[in-house]
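As a plain string of letters, each chain reads:
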Amino acid sequence: MPHIAQRVMPEELKDQIRELLIEYRNRFSSVEICANTLKQVSPTTIRNIIGRNFTNISDAMWRNVRSQVGGSGKVEWVFVNTTAVEDLKFIMRETQEEQGFTWAVSPAGSGKTVAAGLYLQEHKNVFHIQCDADMSKSEFAIELARAVGLRVNTQKKARRVIMEVCEYLAELEDPLLIFDEGDKLKDVIIAYFITIYNKLNEVAGVLFLSTDYMERRIENGLKYNKPGYQELWSRLGRKFYRVDYNTTNDVQYICIKNGLTADRDLQTVKNDAIAADLDLRRVKKKVVALRKKNVA
């Protein structure tokens, strides 16, 4: 069988990943806490990368680090501060500074996760938790602990782990928890947020991001008197924060920042975006396709 040469990661790319890791590490109080938030990355590996001791770090580890600290390497893409992203960053800042408990709703593809990522890069003690419909109580608790960089006994009950996370956050300066796609969580997990509120009220900010589906879910929960919904609604101040909508000007700005400047291309992307309710995922897909076509 012929030998197939393996591509070696270039030094320039390693330097780029190192810079990304330095930015990521600076969000945490220690290398150990930073390592706890990453999967299969030890404090020693972080120190070696930052210290330019690359000798024993495999290409697989470099790719692992890159995928977790913001550099997927798949498509070169510039994220921009659209109308929705700016408004989301505003409510994130307000919730963090005022230790609020807020639920922000915005259409799918409007930039919620992008805004969270940008805000994370710009502020300390901000923790992003990606929610999932399949999460069990224990999985949710463990993911929450990992997100804040707290190493916990995974055999403990979910409530105990959540209490440990709350105790840890109470020691930090103005922490902010961002629960992305919080509307996907099961009722048994939603109920935990009453406890989280009681423990972190006036200590930490808690922000939920989702589509407006959560409005209907709350409405039904209140109508049928489901356990926990009255308490949750009260703690949210009995209102949702409605994020400002993106515009076609935002779409044009995205195109230009990502190298698409011809009038015909700009109009093509705008028309496609309008047909898709200005879904920015659709915008990215169209821009990337046109860029490839233009260089073909």
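Let us look at the structure shown here. Being a predicted model, the structure only gives us computed values, none of them experimental.

## Observations regarding the environment of Glu139
Item 1. Locating Glu139 in the fold gives a position in helix α7 (residues 137-148).
Item 2. A relative accessible area of 43% means that Glu139 is categorised as partly exposed.

## Looking at the nonpolar core
Looking at soluble globular proteins, one finds that nonpolar side chains tend to be buried together.
Item 1. Within the largest apolar cluster, 61 residues are counted, with the highest numbers of intra-cluster contacts made by Phe140, Ile162, Leu169, Leu177, Phe179 and Phe193.
Item 2. It is helix α8 (residues 158-169) that provides the largest number of residues to this core, a total of eight residues.
Item 3. Setting aside residues up to four positions removed in sequence, Leu169 forms contacts with Phe127, Val148, Pro175, Leu177, Leu200 and Val203.
Item 4. Ala84, Ala104, Tyr119 and Leu209 belong to the second largest nonpolar core, which has 17 residues in total.

## Section: the sheet that holds strand β5 (residues 241-242)
Hydrogen bonds between backbone atoms are what pair the strands of a sheet, whose relative direction is either parallel or antiparallel.
Item 1. Taken together, five strands build an open sheet; the order of strands is β2-β3-β4-β1-β5 and the sheet is parallel. The sheet terminates laterally at β2 (126-130) and β5, the two strands that pair on one side only.
Item 2. Summarising the sheet, strand β3 (residues 176-180) and strand β4 (residues 205-210) pair through five bridges and their orientation is parallel. Counterpart to Leu177 in the pairing with β4 is Val206.

Procedures and definitions
Residues numbered from 1 in each chain as written. Predicted model: local features only at pLDDT ≥ 70, side-chain atom pairs only at ≥ 80, totals over all residues. Heavy atoms only, no water. Helix = DSSP H or I, 4+ residues; strand = E, 2+ residues; numbered from the N terminus. Buried < 20%, exposed > 50% of the residue type's maximum accessible area, 1.4 Å probe, protein only. Core = buried A, V, L, I, M, F, W, Y, C linked by side-chain atoms within 4.5 Å. Contact = heavy atoms within 4.5 Å. Pairing = 2+ DSSP bridges.

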